[in-house]
Amino acid sequence: GGVFANAQTGNLVLFSIHLTQMEWARAAASAIPVIAFAVGIIVTETVRRRQKLIGFLHWRQGMLILEIVILAAAVFIPEGPLDSLVNVMIAFICSLQVHSFRRVHGHGIASTMCTGNLRSGTEALYHYMETRDPYFRHKYRCYYGIILAFIIGAVGGTASSNVFPEHALVCPIVVYIIAFLVMIKEDGGIVENYGR
């Protein structure tokens, strides 16, 4: 549909361009994923504040289950006229992801975009080169590891989209299920390792 499902900055730029060119329908199409992203943040924050545990699960595990369910539903939506609906679903999922998982080993991260991680990682690398402090070595490795994981995911996503475009969303479902199982295995470490 010519919009970003994940990068809301890009959608805001598109929205502004379309407004300037008085292309109202295209401006609205660019704004809808932004609104879905904002709604996802509100949903995540509501769940986080109201219940730390959902049954026997930590609220972050509940968010992963919700992401898996939405992705699974999107798998069955055929390519074509409902593409914009899938974009909205992905934007919503990205907001759940980015707001639920904001730290890795105590470092604030963005799980669905790289610009801030690149800035923080490079800043830590600079400080490590200046001080040789192991804290900064750990920090830059953490950020660059997240960027590497993002690149691997983008390559895998592109490859799966090229090979089986109608079912490429199965790949992130598998990754989310693995993450969910890892969180169960780590049990009490969920808040410390994945929390704010």
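Residues numbered from 1 in each chain as written. Predicted model: local features only at pLDDT ≥ 70, side-chain atom pairs only at ≥ 80, totals over all residues. Heavy atoms only, no water.

Caption draft 1: Molecular detail of the pattern of salt bridges. Across all of its chains, the model carries 4 salt bridges by this definition. Between R49 and E45 there is a salt bridge; the shortest N-O distance is 2.9 Å. Within this pair, R49 and its partner E45 are both found in helix α2 (residues 24–50), separated by 4 residues, close to a single helical turn. For E45, a relative accessible area of 17% corresponds to the buried category. (Salt bridge = Lys/Arg side-chain N within 4 Å of Asp/Glu carboxyl O. Helix = DSSP H or I, 4+ residues; strand = E, 2+ residues; numbered from the N terminus. Buried < 20%, exposed > 50% of the residue type's maximum accessible area, 1.4 Å probe, protein only.)

Caption draft 2: Quick peek at α2. In this model α2 runs 38 Å from its N-terminal to its C-terminal C-alpha over 27 residues, within 8% of the 39 Å that 1.5 Å per residue would give. Residues A27, S30, A31, P33, V34, A36, F37, G40, T44, E45, V47 and R48 constitute the buried set of α2. (Expected span 1.5 Å × (residues − 1).)

Caption draft 3: Summary view of the environment of G157. Tracing the backbone through its elements, the reader meets G157 in helix α6 (residues 134–163). The exposure class of G157 is partly exposed, given its relative accessible area of 28%. As a C-alpha pair, G157 and C171 span 14 residues in sequence and 7.5 Å in three-dimensional space.

Caption draft 4: Geometry of the nonpolar core. Grouped together as the largest cluster of nonpolar side chains are 27 residues, with contacts concentrated most on L64, L71, I90, I93 and Y176. For this core, the secondary-structure elements that each account for two or more residues are α2, α3 (59–75), α4 (83–100) and α7 (170–186). Setting aside residues up to four positions removed in sequence, L64 forms contacts with Q97, F101, Y176, A179, F180 and M183. (Core = buried A, V, L, I, M, F, W, Y, C linked by side-chain atoms within 4.5 Å. Contact = heavy atoms within 4.5 Å.)

Read these as geometric descriptors, not functional statements.
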